[in-house]
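Listed here are the chains, written in short residue letters.
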Amino acid sequence: MKSVFRIMVITVLLTVSSFMPATAAVIPFKDVGGTYKEAVQYLLTKGITEGISGKEFGTNQNIKRGDAAIFISRALELDVKRAKESGLTDLNSRVSNAVNAVVEAGIASGKTKTTFDPDANITRQEMARMLSNAYNLTAKSNAGFNDVSSKWIQDVSALKENGITYGKTDTTFAPTDRLTRGEFALFIYRAERVAGDTSAQPENESYRQRVKEIQAKWNALQPRYTGPILKEKSSVKPPYKLGKASNEALVDALNMTNFVRFLAHLPSGITLNVSYNEQAQAASLVNAANQSMTHYPLQPTGMDDRLYNSGYAGASSSNIGFGYTDIIESIQQGYMPDSSDSNRESLGHRRWILSPRLQEVGFGYTLDANGTGHTAMKVVAPQMWDNPSVSFETIAWPSESAFPTEFFGNRDPWSVSLNTSIYDPSRTSNVTVQLIRKNDGRKWTFSSKNQKDGYFNIDLESTGYTPYTVIFQPDGIVDYQSGNLFEVKISNIYKHNGEQSIISFQTTFFDLK
């Protein structure tokens with residue numbers, strides 16, 4: 001284990017590489033980025049929208065019913081000029097053809113027999129009906145939202161079941177809320193994927209199923225506690241006081257641990273150990289008192305031996321962090337990325353959390369005299385070797401099939417841990433990794449003899465009881481965008497029977513939220 005520093009540095013990358021289809025138009029809009037970038041790129045390429053001006057898409061502006069009809073008519077390539085008159089009397093020349101076409105196709109209807117109200121903001125439930133009709137989306141079961149009436153529930157359920165949107169919370173959809181142009185673009189893009197447009201379709205059925213599983217697990221385990229981390233405050237000066245994390249904060253941290261293990265296709269049944277919590281809390285206290293971060297802390301002046309020994313034991317057997325606002329942040333943005341130069345050599349924090357022998361954890365958090373947070377996550381115990389190992393062939397991060405963008409950044413190394421009961425760790429000199437971004441064909445090749453495409457290492461230490469871990473980090477990736485499909489191929493590896501083997505898998509990134 002190595003310590004995680006949270007270094008606040010903004011890096012400007014001069015070499016930019018991101019997915020853009022060969023036929024795609026460059027996004028001219030200054031207000032499009034992040035979650036909506038790929039969706040707007042697709043709509044622009046397909047001629048579905050031109051934006052509200054040459055420089056703005058209007059991402060955060062509410063979309064009107066008339067504009068929604070225009071988007072849909074263009075996406076489905078409806079013959080708007082030949083559409084019969086709908087009898088709606090409040091249509092202007094800009095929207096009339098599109099509205100007539102979607103009404104004729106049974107995609108939308110007026111507010112009354114004679115009015116469409118094209119300048120009114122479309123609601124989320126109206127959007128659900130329009131998209132479910134447009135793309136023939138159906139649902140096998142009720143979505144379970146308690147704020148959606150029977151009139152709209154089938155349409156809303158169809159969107160959730162097909163991965164178009166998952167609602168505002170587990171139980172609410174906010175059906176009468178307004179919809180932004182960015183959100184509508186994203187929902188159309190996802191609907192186009194479901195409909196099978198290959199230019200918008202990075203996934204197969206196993207991908208869609210995995211996304212649903214991850215979304216459901218996130219809905220169950222995502223952090224919800226917003227109160228104080230400490231139930232009992234610590235004192236980092238004599239007389240020292242250990243402090244105690246609130247049960248809610250500990251449960252959130254445990255849930256985050258189980259969620260990242262679920263992402264890696266590992267069992268998510270890790271539990272809290274009370275004595276581990278005490279050692280982790282003592283570890284965070286000792287480091288905070290010393291205003292340092294080390295697995296082997298000195299005894300602070302005036303601290304009794306019992307408290308210090310507990311802190312030392314905790315620090316030497318924990319992932320530790322410095323500068324994080326809470327325990328959750330240290331896991332998601334510190335331990336799992338392990339992206340600093342000193343940590344990526346072994347990815348020790350990540351590998352202990354993803355250990356096939358991990359069963360129990362403990363957490364601690366203390367603010368030092370300057371108000372800076374010190375965290376500890378106890379993950380190592382003498383009896384771990386006696387724990388039964390999870391059955392696995394490989395443990396990958398990012399993992400196979402589908403992976404949320406929120407849990408992997410452009411500076412994060414990829415890792416694949418091989419089970420040494422299957423694969424021979426003594427024959428690694430010629431191991432080669434090939435990473436291909438399938439969207440645009442960009443390829444990276446890694447080996448001990450070729451690191452021109454990025455960082456590469458094979459760590460054979462027993463960290464996390466995964467003593468054969470292949471680590472690689474491609475150069476030139478600005479960010480991992482929703483829809484980016486990557487193929488990983490690890491060759492020149494050998495099984496213990498001498499058989500040469502290849503490990504390969506694909507994963508598609510998606511936006512969890």
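Residues numbered from 1 in each chain as written. Predicted model: local features only at pLDDT ≥ 70, side-chain atom pairs only at ≥ 80, totals over all residues. Heavy atoms only, no water.

Per an unreviewed UniProt entry, the chain goes by the name Endo-1,4-beta-xylanase A and belongs to Filibacter tadaridae.

1. Some words on the packing of aromatic side chains
Heads up, the rule is: Note on ring pairs: Phe, Tyr and Trp rings are taken, using the six-membered ring of Trp, and paired if centres are within 6.5 Å. Classes follow the plane angle, with under 30 degrees stacked, over 60 edge-to-face and the rest tilted. Runs of E in the DSSP output that reach at least two residues are strands. Runs of H or I that reach at least four are helices, and both are numbered from the N terminus. Throughout, exposure labels follow a simple rule: accessible area from a 1.4 Å probe, protein chains only, divided by the maximum for the residue type, with under 20% read as buried, over 50% as exposed, and the rest as partly exposed. Over a ring means this: the NZ of a Lys or the CZ of an Arg is within 6 Å of the ring centre and within 35 degrees of the ring normal.
Following the criterion strictly, the structure yields 26 aromatic pairs and no others. Considering the side-chain rings of Phe 446 and Phe 472, the 5.4 Å spacing of their centres and the 40° angle between planes classify their relative orientation as tilted. Within this pair, whereas Phe 446 is found in strand S12 (residues 442-447), its partner Phe 472 is found in strand S14 (residues 469-474), the two being separated by 26 residues in sequence. The residues Phe 446 and Phe 472 share a single accessibility class, namely buried. Members of the aromatic cluster, each reached through a chain of ring pairs, are Trp 397, Phe 403, Phe 408, Trp 414, Trp 444, Phe 446, Phe 472, Tyr 480, Phe 486 and Phe 509. The ring of Phe 116 has Arg 65 sitting right over it, with the charged end atom 4.3 Å from the ring centre. Sitting over the ring of Phe 57, Arg 181 keeps its end group 4.7 Å from the ring centre.

2. Some words on the environment of Thr 59
To be explicit about the condition: Contacts are residue-level and defined by heavy atoms, with any inter-residue pair within 4.5 Å sufficient. What qualifies as a polar contact is a pair of N or O atoms within 3.5 Å, subject to a donor-acceptor requirement within protein and to the restriction that residues adjacent in sequence count only when both atoms come from side chains.
Within the secondary structure layout, Thr 59 lies in the loop between helix H1 (37-45) and helix H2 (65-75). On the basis of relative accessibility, which here comes to 3%, the residue Thr 59 falls in the buried class. It is 25 Å that separates the C-alpha atoms of Thr 59 and Val 80, two residues lying 21 residues apart in sequence. Setting aside anything within four residues of it in sequence, one finds Thr 59 in contact with Asp 31, Val 32, Tyr 36, Thr 180, Arg 181 and Gly 182. Within the structure, Thr 59 has its side chain in polar contact with the backbone oxygen of Asp 31 (distance 2.7 Å).

3. Section: unusual backbone geometry
With an omega of -10°, the peptide bond running from Pro 238 to Pro 239 counts as cis. Checked against the element boundaries, Pro 239 lands in the loop between strand S2 (230-232) and strand S3 (244-245). With an omega dihedral of 0°, the bond running from Trp 397 to Pro 398 counts as a cis peptide bond. Along the chain, Pro 398 falls in the loop between strand S8 (394-397) and strand S9 (401-404). Phi at Asp 117 is positive, roughly 60°, even though this residue is not glycine. Classification of Asp 117 as partly exposed rests on a relative accessible area of 33%. Although it is not a glycine, His 265 sits at a positive phi angle of roughly 65°. Relative to the assigned elements, His 265 resides in the loop between helix H8 (247-263) and strand S4 (271-272). Owing to a relative accessible area of 45%, His 265 belongs among the partly exposed residues under this scheme.

4. Side note on the packing of helix H4 (residues 124-134) against helix H5 (residues 153-161)
Quick note on the threshold: Fitting a line to C-alpha atoms yields each axis, with helices limited to the stretch in contact; the angle taken between N-to-C directions then spans 0 to 180 degrees. Should an angle fall under 35 degrees it is taken as roughly parallel, and over 145 as roughly antiparallel, whereas 65 to 115 is taken as roughly perpendicular and any remaining angle as oblique. For a crossing to be left-handed, the near helix must be turned anticlockwise from the far one by less than a right angle; the clockwise case is right-handed. Side-chain classes follow a simple rule in which Ala, Val, Leu, Ile, Met, Phe, Trp, Tyr, Cys and Pro form the nonpolar group, Asp, Glu, Lys and Arg form the charged group, and the remainder, Gly included, forms the polar group.
Direction vectors running N to C along H4 and H5 enclose 70°, while the axes themselves pass 8 Å from each other. Classed by the angle they form, the pair H4 and H5 counts as roughly perpendicular. The handedness of the crossing between H4 and H5 is left-handed. When H4 is examined against H5, the residues Met 127, Ala 128, Arg 129, Leu 131 and Ser 132 are found in contact with a partner set consisting of Asp 155, Val 156, Ala 158 and Leu 159. A class-by-class count of the residues in the contact of H4 with H5 yields six nonpolar, one polar and two charged.

5. Observations concerning the pairing of strand S15 (residues 485-494)
Worth spelling out the cut-off: At least two bridges found by DSSP between two strands are what make those strands a pair.
The buried fraction of S15 amounts to seven of the 10 residues, a majority that puts the element mostly inside the structure. Here six bridges tie strand S11 (residues 432-437) to S15, and the two strands are oriented antiparallel to one another. Bridging across to S15, Ile 436 finds its partner in Glu 487. Across eight bridges, the pairing between S15 and strand S16 (residues 500-510) is antiparallel. Residue Phe 486 lies in a different strand from S16, and its bridge partner there is Thr 507. Between S15 and S16, which pair antiparallel and follow one another directly, the connecting turn spans five residues, one of which, Gly 498, has a positive phi of 90°.

6. Concerning the environment of Val 380
The residue Val 380 is located in the loop between strand S7 (373-378) and S8 in this model. Expressed as a C-alpha distance, the spacing of Val 380 and Gly 362, which sit 18 residues apart in the sequence, is 9.9 Å.

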